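Reading the structure
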Amino acid sequence: MTTPPGPARDALRAPVIVAPMFLVSGPEFVIESCRAGLVGSFPTQNARTFEDLVDWFDRIRAGVADLPGASWAISMIVHRSYERFAAELELVQEYRPDVVVTALGPPSRVLDEVHGYGGAVYADVMSVEHARKAADAGADGLVLVCHGAGGHTGRLSPFAFVDEVRRFFDGPLVVGGAVSTGRAVRAVEVLGADYAYMGTRFIACPESLVNDRYRDMLVRSELGDVTATAAVTGVLCSWLTESLTDAGYDPESLAEAGRIDFSDVHGEHKPWKDIFGAGQGVGEIDSAASLADVADRIVEEYRAAGGHVAQQRRAEVGV
Ligand SMILES: Cc1cc2nc3c(=O)[nH]c(=O)nc-3n(C[C@H](O)[C@H](O)[C@H](O)COP(=O)(O)O)c2cc1C
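Overview of the structure. (Residues numbered from 1 in each chain as written. Predicted model: local features only at pLDDT ≥ 70, side-chain atom pairs only at ≥ 80, totals over all residues. Heavy atoms only, no water.)

Topic: the site of the ligand
Heads up, the rule is: Residues are labelled near a given molecule or strand when at least one of their non-hydrogen atoms is within 4 Å of it. Two N or O atoms form a polar contact when they lie within 3.5 Å of each other; inside protein one atom must be a possible hydrogen donor and the other a possible acceptor, and for residues adjacent in sequence the pair counts only when both atoms belong to side chains. To measure how exposed things are, a 1.4 Å probe is used in the Shrake-Rupley method; for residues, cover is taken only from the protein chains shown. Amino acids outside the nonpolar list (Ala, Val, Leu, Ile, Met, Phe, Trp, Tyr, Cys, Pro) and the charged list (Asp, Glu, Lys, Arg) are all regarded as polar, and Gly is one of them.
Near the ligand there are 23 residues, and of these Pro 20, Phe 22, Ala 178, Gly 199 and Thr 200 occur at the shortest range. Taking Pro 20, its main chain carries an N or O atom lying 2.7 Å from an oxygen atom of the ligand. In this structure, an oxygen atom belonging to the ligand sits 2.7 Å away from a main-chain N or O atom of Ala 178. A total of 600 Å² of accessible area belongs to the ligand in isolation, and the protein chains cover 94% of it. Its residues placed into classes, the shell around the ligand shows 14 nonpolar, nine polar and no charged.

A word on the environment of Thr 200
Worth spelling out the cut-off: Secondary structure follows DSSP: runs of H or I at least 4 residues long count as helices, runs of E at least 2 residues long count as strands, and numbering of each begins at the N terminus. Exposure classes here rest on a 1.4 Å probe applied to the protein chains alone. A residue is buried below 20% of its type maximum, exposed above 50%, and partly exposed in between. Two residues qualify as a contact provided that any one of their heavy atoms is within 4.5 Å of a heavy atom in the partner residue.
Of note, Thr 200 is situated in helix H8 (residues 200-203). Classification of Thr 200 as buried rests on a relative accessible area of 9%. Each C-alpha atom, one on Thr 200 and one on Gly 283, is 9.8 Å from the other, the two residues being 83 residues apart in sequence. Excluding anything up to four places from it in sequence, Thr 200 contacts Met 21, Gly 150, Ala 278, Gly 279, Gly 281, Val 282 and Ile 285.

As for the pairing of strand E11 (residues 237-240)
Definition in use: Only strands joined by at least two bridges in the DSSP assignment are considered to pair.
Side-chain alternation along E11 places Cys 237 and Trp 239 on one buried face and Ser 238 and Leu 240 on a second face that is also buried. Bridge count for strand E7 (residues 151-152) against E11 is two bridges, and the pairing is antiparallel. Within E11, the residue paired with Gly 151 across the bridge is Ser 238. Inspection of the sheet shows strand E10 (residues 226-229) paired to E11 by four bridges, in the antiparallel sense. Looking at E11, one finds that Val 226 is bridged to Leu 240.

Concerning helix H11 (residues 291-304)
Each turn of an α-helix holds 3.6 residues, which means side chains three or four residues apart point in the same direction. To be explicit about the condition: A helix is expected to reach a length of 1.5 Å times the quantity of its residues less one. Think of the arc as the fan of directions from the helix axis to the C-beta atoms.
If you check H11, its first and last C-alpha atoms are 20 Å apart, about what 14 residues at 1.5 Å a residue would give, namely 20 Å. Burial in H11 covers these residues: Leu 291, Val 294, Ala 295, Ile 298, Val 299, Glu 301 and Tyr 302. Buried residues in H11, looked at end-on, bunch into an arc of 165 degrees, giving them a common side. In H11, the exposed positions angled more than 90 degrees off the buried face are occupied by Glu 300, Arg 303 and Ala 304. On its buried side, H11 packs onto strand E1 (16-18), helix H1 (27-35), helix H7 (182-190), strand E9 (195-198) and H8. Just past H11, the residue Gly 306 takes up positive phi, approximately 125 degrees.

Structural notes on the sheet that holds E7
The three strands are arranged E7-E11-E10 in an open sheet whose pairing can be described as antiparallel. Edge positions in the sheet fall to E7 and E10, since each of these pairs with one other strand and no more.

Focus on unusual backbone geometry
Positive phi, close to 60 degrees, is recorded for Leu 23, a residue that is not glycine. Positive phi is not limited to glycine here, since Ala 178 has a value of about 65 degrees. Tracing the chain through its elements places Ala 178 in the loop between strand E8 (173-176) and H7.

In structure tokens form, the structure reads like this:
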């Protein structure tokens, strides 16, 4: 078996990618994730200006330099309306994140450049059709964003999604969507995938970029306090219901609205500032514990939850 492209699995304490989150993940978040033995990541559009992005890349490079085997990732919008695309791709080649997760467009737009420095391209997908297209386009790995995810959420159950995708794709699979415990990380492996993509579980950590109102709401929210709707941005997103209500939405009568447009993603970025994204795993957040403490708990749960099932499964199917 060849080593799958992507994070150095053996250097990780658990197969977890701390997922990139708009207005949540910054350089400290990435560095602390790596220090905790997980894969850190951030979406490049979080850096408001190009100069900020260069500064963030510099800080991450310096912050992980003393961590042997540390892996970090970025997510990058590859949609045609994203005006910073070409400039960001040049920076990516300079700073060499281990994984580039492509969102909202074909992974082929970055493949040659990322492969050129030895990095891996994973495509963020929410349907079997998109997974197949991304695999055909040469993506090294696929991030299956499933039902219950925070932010821009999928609609599919991971139980069906992973199996369908495994019929035509034997590369690294990442599963996101309400994975909030080490037991759930283990379950992702049992399903036959390689990494869990955990976002919501880490938002309340002090290393994130969010304000205290958001943190407090996360701590007191549970599964029933999350609403998925396309009414706010035009695509299906999971939000804390209380923040929707505060912003004037009636969760009982939400209409579909809006359209996808990333031309102003570095501007005021309403509504993400006032309406707080969170997935169905929010109930696991019981404090604003540090990222290191949350990671320790996840690793402990993961270890307690059993053996290396995924490796056995891979050996069985010969991938
Ligand atoms: C507040 C928030 C913002 C997000 N922003 C982004 C983003 O900018 N780019 C991206 O690729 N995914 C984004 N996501 C999705 C995550 O990368 C990931 O798919 C998701 O958090 C996994 O589900 P979970 O939140 O239930 O763990 C966001 C998620 C949340 C909760």
